[in-house]
Amino acid sequence: MAGSTNLFDSVNRQFDAAADILGLSQEIRELLKTPYREITVAMPIRMEDGSLKVFKGYRVQHNGVRGPQKGGIRYHPDLVLDDVRALASLNTWKTAVVNIPFGGAKGGIRCDPSKMSQHELEMLTRRYISKLSMVLGPTRDVPSPDVNTNAQTMAWVMDEYGRKNGHQPACVTGKPLELGGSQGREAATGKGVAICAREAYEGVMGRSLRGARVALQGFGNVGSFAASFLHGMGANIVAVADEHGAVRRAEGLDIPALFAYVRQNRGTVAGFPGGEAFDPAAVWEQPCDILIPAALGGVLTEATAPAVTARLIVEGANAPTTPEADRIFQERGILLIPDILANAGGVTVSYFEWVQNLQQLFWNEAEIFEKEEKVLVQAFRDVADKVQRHGCTWRTGALVLALERVRTANELRGW
Ligand code: NAD
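Cut-offs used in this document
- Residues numbered from 1 in each chain as written.
- Predicted model: local features only at pLDDT ≥ 70, side-chain atom pairs only at ≥ 80, totals over all residues.
- Heavy atoms only, no water.
- Phe/Tyr/Trp six-rings, centres within 6.5 Å; stacked < 30°, edge-to-face > 60°.
- Helix = DSSP H or I, 4+ residues; strand = E, 2+ residues; numbered from the N terminus.
- Buried < 20%, exposed > 50% of the residue type's maximum accessible area, 1.4 Å probe, protein only.
- Lys NZ or Arg CZ within 6 Å of the ring centre and 35° of its normal.
- Salt bridge = Lys/Arg side-chain N within 4 Å of Asp/Glu carboxyl O.
- Axes fitted to C-alpha atoms, helices over the stretch in contact; angles between N-to-C directions.
- Parallel < 35°, antiparallel > 145°, perpendicular 65-115°, else oblique.
- Left-handed = near helix turned anticlockwise from the far one by under 90°.
- Contact = heavy atoms within 4.5 Å.
- Nonpolar A, V, L, I, M, F, W, Y, C, P; charged D, E, K, R; others polar.
- Pairing = 2+ DSSP bridges.
- Near = heavy atom within 4 Å.
- Polar contact = N/O pair within 3.5 Å; in protein donor to acceptor, adjacent residues only side chain to side chain.
- Domains from an automatic or database assignment.
- Buried area = accessible area lost by both parts, 1.4 Å probe.

## Brief notes about the packing of aromatic side chains
Aromatic ring pairs are reported here in terms of the distance separating the ring centres and the angle at which the planes meet.
Next, step 1: Tallied over the full model, the rule gives ten aromatic pairs.
Next, step 2: Where F225 meets F259, the ring centres are 5.3 Å apart and the plane angle is 70°; that geometry is what we call edge-to-face. Separated by 34 residues along the polypeptide, F225 in helix α7 (residues 221–232) and F259 in helix α8 (residues 255–264) bring together distant segments of the chain. The exposure classification of F225 matches that of F259, with both residues buried.
Next, step 3: The interplanar angle of 40° and the centroid separation of 4.8 Å between the aromatic rings of F380 and W394 together place this pair among those described as tilted. Remark: W394 occurs in helix α13 (residues 394–413) and F380 occurs in helix α12 (residues 365–390); sequence separation between them is 14 residues.
Next, step 4: Residue F380 is classed as buried on the basis of its relative accessible area of 4%.
Next, step 5: Over the ring of F102 we find K70, and its NZ or CZ is 5.9 Å from the ring centre.

Here's what the structure looks like:
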């Protein structure tokens, strides 16, 4: 969530920095910023205690000129339409940066899943998909998991969509393997974050990852896999914070042990015996070389950015940095690899899942990881070219690349 900052405004301010470099007219800016379609639905659900609750759900399809709309479904009590718009537009730019044939969408339901039963969540998911199914589908809009949704949620999405439209696994990605999910999808976003960290730290900064100190906020899907891959590359994960606690060890945490602990301990690092506990709010000031926000949006702000000790930030989370914090990092010479490049491994492997479903074939994990690596390294180089050519930040460079690709597709199709 964006806290007090309006996330859509922040994303559009970032867009304008790239649009300035490209000299885009106000008309074209308006066209590329405005979502193609926004839907709000009300979902009455009979709760298990007999009460009737009306939930609000959203789907924003931002831009589909490069292919079917693509984006996650988020369940969160603070979800508002402007956040969904912002995340949908980030997905338009993300799919363009990695050059996969998708547009950008996002959706979600304003609800608190921690206070709901599995049965209530299933009913809510089915009602949401049933109300939206006319704008979804393998060639229209393909949802995937996001915060507080998972492979089980996507199984319900596929089943509900199939009730009206026939069995079509390519209508949703992030499914369980047993229902046509892809090998490697679970680890894909974290792996992409680690690949981008390696390309930036070694390739751009000329340092070795061996012994580099890494701190993370978030040890869920993105954070835990990013930490595991970086650990495998020789980095020392020195601090990890999550919603319920934080743990640090200057010599490096035992990441396989922490990974196993979190999965047996209700998903939190709190109480891990292999390190010292500390206040999760102090994660930004932990001494480290690489910092990975992998939890919430809007956390690196004017208030937290000055304390950051890292020389490299790799955005695992979507929109973790406000424009004010961006400026602080730029002034301090801290290299920042933006979300639309750093966490694009997830949507890349979602694309592989869609391709496998459409062609009814299956790749193994090694094949998936090899393809993901190729796509991300190419995208990293494409962004590096823009940064060099325009002398801009990596966020603006990534957006310049994305805007050029989307604008060209739009021109070719006709405005
Ligand atoms: P997740 O639910 O698996 O994990 C979230 C983590 O953040 C957990 O460790 C949780 O404890 C922590 N967290 C939550 N609130 C916190 C707080 N107030 N302070 C500190 N930590 C807190 O979610 P995820 O799938 O890992 O997603 C994390 C971020 O990455 C989100 O911004 C999401 O949009 C983004 N993202 C995810 C994917 C993906 O494939 N899962 C892809 C691209 C981007």
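## What about the pattern of salt bridges?
Next, step 1: What the rule picks out here adds up to 26 salt bridges.
Next, step 2: As a salt-bridge pair, R198 and E199 come within 2.8 Å of each other at their nearest N and O atoms.
Next, step 3: Accessibility expressed as a relative area gives 18% for E199, which makes it buried.
Next, step 4: Across the pair D326 and R395 runs a salt bridge, and its minimum N-O distance is 2.7 Å. Here D326, found in helix α9 (residues 323–331), pairs with R395, found in helix α13; they are 69 residues apart in sequence, far enough to count as distant. There is no split in this pair, since D326 and R395 are both buried.
Next, step 5: The network of salt bridges with shared partners includes E122, R126, D159, E160 and R163.

## Some words on the packing of helix α1 (residues 7–22) against helix α2 (residues 26–33)
Next, step 1: Two elements in contact, α1 and α2, have axes separated by 11 Å at closest approach and are oriented at 140°. Judged by the angle between their axes, α1 and α2 are oblique. Helix-helix and strand crossings are classified by hand; for α1 and α2 the assignment is right-handed. The residues of α2 that touch α1, namely those facing F8, N12, F15, D16, A19 and D20, are R29, L32 and K33.
Next, step 2: Partitioned by chemical class, the residues of the contact of α1 with α2 number four nonpolar, one polar and four charged.

## Considering the pairing of strand β5 (residues 141–145)
Next, step 1: A large share of β5 lies buried, amounting to four of its five residues.
Next, step 2: Pairing geometry for strand β3 (residues 69–75) and β5, over five bridges, is parallel. Note on β5: the bridge partner recorded for I73 is P145.

## Some points on the site of the ligand
Next, step 1: Close contacts around the ligand come from 20 residues, with T189, F219, N221, V222 and N318 the closest.
Next, step 2: A distance of 3.2 Å is found between an oxygen atom of the ligand and a backbone nitrogen or oxygen belonging to G220.
Next, step 3: When residues of the shell around the ligand are traced back to their parent elements, those giving at least two are α6 (185–204) and α7.
Next, step 4: Here the residues of the shell around the ligand are counted per class, giving seven nonpolar, eight polar and five charged.
Next, step 5: Counting the residues that make up the shell around the ligand, at least three belong to each of domain 1 (35–168) and domain 2 (186–342).

## Quick word on the packing of α7 against α8
Next, step 1: For the pair α7 and α8, the least separation of the axes is 10 Å and the interaxial angle reads 160°. The orientation of α7 with respect to α8, classified from their angle, is roughly antiparallel. The two elements α7 and α8 cross, and the hand of that crossing is left-handed. Side by side, α7 and α8 meet where S224, F225, A227, S228 and H231 of the first sit next to I255, P256, F259 and R263 of the second.

## Observations concerning the domain arrangement of the protein chain
How large an interface is tends to be reported as the accessible area lost when its parts come together.
Next, step 1: When its domains are assigned, the protein chain resolves into domain 1 (35–168) and domain 2 (186–342).
Next, step 2: Put simply, the middle of domain 1 and the middle of domain 2, counted by C-alpha atoms, are 28 Å apart.
Next, step 3: With seven residues of domain 1 at the interface, the matching set in domain 2 holds five residues.
Next, step 4: Taken together, the two surfaces of domain 1 and domain 2 that pack against each other cover about 560 Å², and 65% of this comes from carbon and sulfur.
Next, step 5: Three residues stand out in domain 1 for area buried against domain 2, namely L90, K94 and V97, and they jointly supply 67% of the buried area on that side.
Next, step 6: Our enumeration of links across domain 1 and domain 2 arrives at zero salt bridges.
Next, step 7: At the boundary of domain 1 with domain 2, the tally comes to one residue pair in polar contact (both at pLDDT 80 or more).

## Section: the side chain of D339
Next, step 1: Locating D339 in the fold gives a position in helix α10 (residues 339–342).
Next, step 2: A residue is classified by how much of its surface remains accessible, and D339, at 2% relative accessible area, is buried.
Next, step 3: A distance of 2.8 Å separates the side chain of D339 from the backbone nitrogen of A319, its partner in a polar contact.
Next, step 4: Leave out the neighbours within four places in its chain, and D339 touches L90, K94, E315, A317, N318, A319, P320, A344 and R395.

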